[in-house]
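Chain by chain, the residues run as shown.
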Amino acid sequence: MRVQRRFRLSRSEDFKRVRRTGKSYAHPLVVLVTQASETKDRLKIGITAGKTTGTGVHRNRAKRLLREAIRNLIPSIASGWDLILIARPALVTATLADTRSALTNLLKRAKLLSADETPG
RNA sequence: CAGGUUGGUCGGGCAGUCGCGGUCCUGCGUUGACGGGAUCGAGGAAAGUCCGCACUCCUAUAGAGCACGGCGUCGGAUAGCACCCGGGGCGGGGAAGUCCGUCAUUCGUUGACGGGAAGAUCGCCGAAAGGCGUGAACCUGCCGGAAAAGGGCCACAGAAACAAACAGCCCCGCGUUUCGCGGGGUGAUGGUGAAAAGGUGGUGUAAGAGACCACCGGCGCGCACAGUAAUGUGUGUGGCCAGGUAACCCCCGCCGGGAGCAAGGCCAAGCAGGGACGAUUUCGUCUGUGGACGAUGGGAGGCUGCUCGCCUCCAUACGCGCCCAUCCCUCUUGUGGGAUGAGUCAGUCCCGGGUAGGCUGCAUCGAGCGGCGCGGUGACGCACCGCCCAGAGAGAUGACUGCCCAAUGGCGCAUUGCGUCAUGGACAGAAUGCGGCUUAUAGACCAGCCUGAAGC
RNA sequence: CGGGGCGUGGCGCAGCCCGGCUAGCGCACUUGCAUGGGGUGCAAGGGGUCGGAGGUUCAAAUCCUCUCGCCCCGA
């Protein structure tokens, strides 16, 4: 439910910290990096798309897809974690359903899905 | 109407549900990972960064010289701009190749085969195919020093690449009579080359040559006319016949100080730095002084709910002494002496520069946008009315559904077309702002010009 | 945002400033010789849209303009 800006990772240090010390889970469409948060009962999500994703339109497209896909999954995710979603080039041609199933797969592997039933 | 060509406008629309960003307003027995409302929310290129500005700092209203760089036809437009608008000159395209399919390919294209449409226009020739000439609208490149201020270069070939020489031709002299040598004249005859000294005909001469003559060509100059001008047309000439290259150096004229919103301004954690304050108060003893020691008093902290009380720590520099660590010597082996090193104030306050970070610049007052009118061929200008119109930070525009619009394909009716189903939307995302240029771009609409045909 | 550099056979580089010469060098590749065989060595050979397009010029890898891609640096 919460994709608003204040629930996102924004500071460059946060990105560096999670990328350095967190655990990563890869998928052809997207990469998930997780790390236990400093503040409990908080879930923060950062979304990033590097230059390898493509031009400006493609980077924005990838990030919008990830935001829309993670939106319905957020109530099922365990709190107290910082997450980073890294877009990969194949994501540009993927559909919303593809992205959502990829995220569900990654979150199950990271054991962050609290409820089994996936909404949407 | 057909063909060609150019310019302009738009670049999906409407409705619903969920969601995102900015601004403003707002609710609360729950001030939070809370909720509600209004409003606004990507482009013609936001892109490339090729130019020009605003703005900021250096640093001041960047003024002069040099260097370096850029620009260079004329007139206009503009805040400004080499790239905008209109004109001029010299070229190129238009004007023989093009499209589609298949195959091969170095996957840029190119080639082969098959098929289609067409070859502006006009004139002539031709039975035809076609050939010869002409050459529209429109598009596009370039533009100072007519390269005679000067320097450089011009491969290969060629005698020679700009200035004479070589071969040749002619004359004279000598040797001699196939010819050779020496001196002189001449200027293009010499298989080249991208380029070879204006062309044709004649006069002339020992041989020749714009040396001279006629006509033609080109350049310059004068005059007349047209034009604001570049320039054009005409005419005259007791001026000339000069290779190319200035996107080689150079010369002339004009312009340019440099860096850039990550500019710049403000606030500023922590660490480090600098500075100030900070209890020897009182009594006694010792000392040459500074001061040291004892008692008392004081400061900071702890124990405690508070007071008393108790405990721990503190009193700068030099020097002495003391404590600790390491090493050496000694032996009294739980000793003594020496050397070196480190420490030798708890705390309070202030200061400048400034990192992380934050605020600002920065988002509504502008070279602003829209409409309408007038002036101008046009770039553009003027007047009136209306409007306030995204913003930023790891960076907001998305997802789904229905209908419509354009497109593609299938099926049915039918043959202009209609119905239905499916697919399905180019290039591309603001980041200080603005003007121009360049590049990418599915498709739709409108208009101008040229040529042709038909009709009135 | 600003500044700088690079693109040439399969790979790594010269040549570019100041235009002309068969676009050269090393490694790699192919063939032959040599060896019992391989490596090494020797000899010969093939392979190039000079990133792309346009322009200047008689002539462009080289000069000019536009464009594509890659790399590095500063704050």
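It should be emphasised that the depicted structure is a prediction, and the values quoted were computed from it without experimental measurement.

### Some details on the overall build of chain A
Then, in step 1: Helix and strand counts for chain A come out as three helices and four strands.
Then, in step 2: Mapped in sequence order, the helices and strands of chain A form the string α-β-β-β-α-β-α.
Then, in step 3: Split into buried and exposed, the 120 residues of chain A put 41% on the buried side.
Then, in step 4: Approximately 7,100 Å² of chain A is accessible, and the part contributed by carbon and sulfur atoms is 48%.

### Focus on the side chain of Thr-99
Then, in step 1: Mapping Thr-99 onto the fold places it in helix α3 (residues 96–109).
Then, in step 2: Those residues in contact with Thr-99, other than ones at most four positions away along the chain, are Leu-29, Leu-65, Leu-66, Ala-69, Leu-91 and Ala-94.

### Some words on the pairing of strand β4 (residues 81–87)
Then, in step 1: Within β4, six of the seven residues are buried, which leaves it mostly tucked inside the rest of the structure.
Then, in step 2: Two strands pair when backbone bridges link them, and strand β2 (residues 30–36) and β4 are joined in this way by seven bridges, in the antiparallel orientation. Note on β4: the bridge partner recorded for Val-31 is Ile-86.
Then, in step 3: Direction of pairing for strand β3 (residues 43–48) relative to β4: parallel, over a ladder of six bridges. Paired with Lys-44 across the strands is Asp-82, a residue of β4.
Then, in step 4: The β-α-β motif built from β3, the intervening helix α2 (residues 56–71) and the parallel element β4 has left-handed crossover chirality.

### What about the packing of α2 against α3?
Then, in step 1: Two numbers describe how α2 lies on α3: the axes approach to 9 Å, and their chain directions differ by 60 degrees. By the angle between their axes, α2 is oblique relative to α3. Regarding α2 and α3, the two cross each other, and that crossing is right-handed. Packed against α2, whose contacting residues are Leu-65, Leu-66, Glu-68, Ala-69 and Ile-70, the element α3 presents Leu-96, Thr-99, Arg-100 and Leu-103 at the interface.

### Details of the nonpolar core
Then, in step 1: Membership of the largest hydrophobic core comes to 28 residues, with the highest contact counts inside it found for Leu-32, Ile-45, Ile-77, Leu-83, Leu-85, Leu-91 and Leu-107.
Then, in step 2: When residues of this core are traced back to their parent elements, those giving at least two are β2, β3, α2, β4 and α3.
Then, in step 3: Per-element tally for this core: the top contributor is α2, with five residues.
Then, in step 4: Formed by five residues, the second largest nonpolar core is a distinct cluster that contains Val-18, Val-31, Val-33 and Ile-86.

### Digging into α2
Then, in step 1: With 16 residues, α2 ought to run about 22 Å at 1.5 Å a step, and its terminal C-alpha atoms sit 23 Å apart, in line with that.
Then, in step 2: For α2, the set of buried residues is Ala-62, Leu-65, Leu-66, Ala-69 and Ile-70. All buried residues of α2 fall inside an arc of 120 degrees around its axis, so they share one side. Along α2, exposed side chains directed more than 90 degrees from the buried face belong to Val-57 and Arg-64.
Then, in step 3: Its buried side turned inward, α2 meets β2, β3, β4 and α3.

What counts, and where the lines are drawn
Residues numbered from 1 in each chain as written. Chains lettered and ligands numbered in written order. Predicted model: local features only at pLDDT ≥ 70, side-chain atom pairs only at ≥ 80, totals over all residues. Heavy atoms only, no water. Helix = DSSP H or I, 4+ residues; strand = E, 2+ residues; numbered from the N terminus. Buried < 20%, exposed > 50% of the residue type's maximum accessible area, 1.4 Å probe, protein only. Areas by Shrake-Rupley, 256 points an atom, 1.4 Å probe, with all protein chains shown as cover. Contact = heavy atoms within 4.5 Å. Pairing = 2+ DSSP bridges. Right-handed = clockwise from strand over helix to strand, strands pointing away. Axes fitted to C-alpha atoms, helices over the stretch in contact; angles between N-to-C directions. Parallel < 35°, antiparallel > 145°, perpendicular 65-115°, else oblique. Left-handed = near helix turned anticlockwise from the far one by under 90°. Core = buried A, V, L, I, M, F, W, Y, C linked by side-chain atoms within 4.5 Å. Expected span 1.5 Å × (residues − 1). Arc of directions from axis to C-beta.

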